[in-house]
Amino acid sequence: MIEGRNCGTCTACCSFAPIRVETLRKPANTLCAHCAEGQGCTVYEVRPQVCRGFYCGWFFLPELGPAWHPERSGVVIRSESFDNDTITILVLRFSEFLVSEDFAGLVGAWIEAGISVEFERVGPEGHLPAKMRVNELLEAAVAARDLREMQTIFAWSLAHIDQSHTWERDETEFYSALA
Ligand code: SF4
Ligand code: SF4
């Protein structure tokens, strides 16, 4: 964990993720009932392991500068552990950051390092998120250092998820044994 970083007003990981564990169940893309505005998790000390184990890049990747904070960038970098070879870029909203050199530079560096990079979108409220691997689409543009082409592929990939995916409703009903 990187010292001095905090969530600010971001609540993305308490909203987008579906949770189905013994003590807590909530549908995807729906804010957890334990998440209070401006306060964060109201059951922090007893939150389940699935919440403790959410690996947010903002807290683990020193190469993410201030512009990458999820509430500024609209982007959450997540992974199962950051020790493995997959990074998921959850795009919450479209912002100038997605066309910045900062964003393209790091995505390109991950691809050149052989890391599997996925773009993910949240979809409608109460529906499961969707993602796609973008390495093969971006490899040539990254190798050519073609920023404009990379940005075109970013936009195409995100639009492709939004427009072609059949969003699956998450029927999970909220349940908590935590409070
Ligand atoms: S996505 Fe990251 S910054 Fe946002 S609430 Fe979760 S841990 Fe905090
Ligand atoms: S229990 Fe707390 S940390 Fe877990 S999803 Fe709910 S508000 Fe977020």
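Residues numbered from 1 in each chain as written. Chains lettered and ligands numbered in written order. Predicted model: local features only at pLDDT ≥ 70, side-chain atom pairs only at ≥ 80, totals over all residues. Heavy atoms only, no water.

Under an unreviewed UniProt entry, the name given to the protein is YkgJ family cysteine cluster protein, and the organism recorded is Devosia elaeis.

Student: Explain the sheet that holds strand β10 (residues 175-176) to me, please; I cannot follow it from the model alone.
Tutor: Hydrogen bonds along the backbone pair up the strands of a sheet, which may run parallel or antiparallel. An order of β1-β2-β10 is seen for the three strands of this open sheet, with the pairing classed as antiparallel. Of all strands in the sheet, those with a lone pairing partner are β1 (19-21) and β10, marking the two edges. Sheet topology note: the β1/strand β2 (residues 24-26) ladder contains three bridges and is antiparallel. Bridging from a neighbouring strand, V21 pairs with L24 of β2. (Pairing = 2+ DSSP bridges. Helix = DSSP H or I, 4+ residues; strand = E, 2+ residues; numbered from the N terminus.)

Student: Which parts of the structure should I look at to understand the sheet that holds strand β9 (residues 130-133)?
Tutor: A sheet is described by the order of its strands in space; here five strands give the open sequence β5-β6-β7-β8-β9, paired in mixed fashion. Because the sheet does not close on itself, it has two edges, and the strands there are β5 (55-56) and β9. The pairing of β5 with strand β6 (residues 75-79) spans two bridges and is classified as antiparallel. Its bridge partner lying in β6, C56 is registered against R78.

Student: What am I meant to see in the site of ligand 2 here?
Tutor: Every residue near ligand 2 is listed here: C14, I19, L24, C32, H34, C35, C41, V43 and C51. Classifying every residue of the shell around ligand 2 gives eight nonpolar, one polar and no charged. (Near = heavy atom within 4 Å. Nonpolar A, V, L, I, M, F, W, Y, C, P; charged D, E, K, R; others polar.)

Student: Explanation requested: the packing of helix α5 (residues 135-143) against helix α6 (residues 147-164) in the structure shown.
Tutor: The description of two helices packed together rests on the angle between their axes and the distance between the axes. One can describe the packing of α5 onto α6 by two numbers: an axis separation of 9 Å at closest approach and a directional angle of 165 degrees. Looking at the two axes, α5 sits roughly antiparallel to α6. Regarding α5 and α6, the two cross each other, and that crossing is left-handed. In contact with L137, L138, A141 and V142 of α5, α6 contributes E149, M150, I153, F154, W156 and S157. Of the residues belonging to the contact of α5 with α6, the class tally is eight nonpolar, one polar and one charged. (Axes fitted to C-alpha atoms, helices over the stretch in contact; angles between N-to-C directions. Parallel < 35°, antiparallel > 145°, perpendicular 65-115°, else oblique. Left-handed = near helix turned anticlockwise from the far one by under 90°. Contact = heavy atoms within 4.5 Å.)

Student: Quick question: what am I supposed to make of the side chain of S116 here?
Tutor: Looking at the secondary structure, you find S116 in strand β8 (residues 116-121). If we skip the residues at most four places from it in the chain, S116 touches D85, T86, I87, R133 and N135.

Student: Could you clarify how one ought to interpret the pairing of β9 in this entry?
Tutor: Side-chain positions along a regular strand alternate between the two faces of the sheet. Going residue by residue along β9, you find A130 and M132 tucked away on one face and K131 and R133 left uncovered on the opposite face. Examined bridge by bridge, β8 and β9 share four bridges and lie antiparallel to one another. Paired with E120 across the two strands is K131, which belongs to β9. (Buried < 20%, exposed > 50% of the residue type's maximum accessible area, 1.4 Å probe, protein only.)

Student: Help me understand the packing of helix α4 (residues 101-112) against α5, please; the structure alone is not making it clear to me.
Tutor: Contact pair α4 / α5: the axes reach a minimum separation of 10 Å and the direction vectors enclose 105 degrees. Classified by the angle their axes make, α4 and α5 are roughly perpendicular. Two secondary-structure elements touch here, α4 through V107, G108, I111 and E112 and α5 through N135, L138, E139, V142 and A143. Split into classes, the residues belonging to the contact of α4 with α5 amount to five nonpolar, two polar and two charged.

Student: Mind showing me how you'd approach the packing of aromatic side chains here?
Tutor: Two descriptors summarise a pair of aromatic rings, namely the distance from one centre to the other and the angle between the planes of the rings. For the coordinates displayed, the defined rule picks out 10 aromatic pairs. Relative to F103, the ring of W68 lies with its centre 5.7 Å away and its plane at 40 degrees, an arrangement referred to as tilted. Taken together, the residues W68 in the loop between α2 (57-60) and α3 (70-73) and F103 in helix α4 connect sequence positions 35 residues apart. Taken individually, W68 and F103 each receive the classification buried, so the pair is uniform in this respect. Grouped by ring-pair contacts, the aromatic residues W68, F97, F103, W110, F119 and F154 constitute a single cluster. Taking NZ or CZ as reference, R5 lies 4.0 Å from the ring centre of W58, over its face. A cation sits over an aromatic face here: R47 above Y44, 3.7 Å from the ring centre. (Phe/Tyr/Trp six-rings, centres within 6.5 Å; stacked < 30°, edge-to-face > 60°. Lys NZ or Arg CZ within 6 Å of the ring centre and 35° of its normal.)

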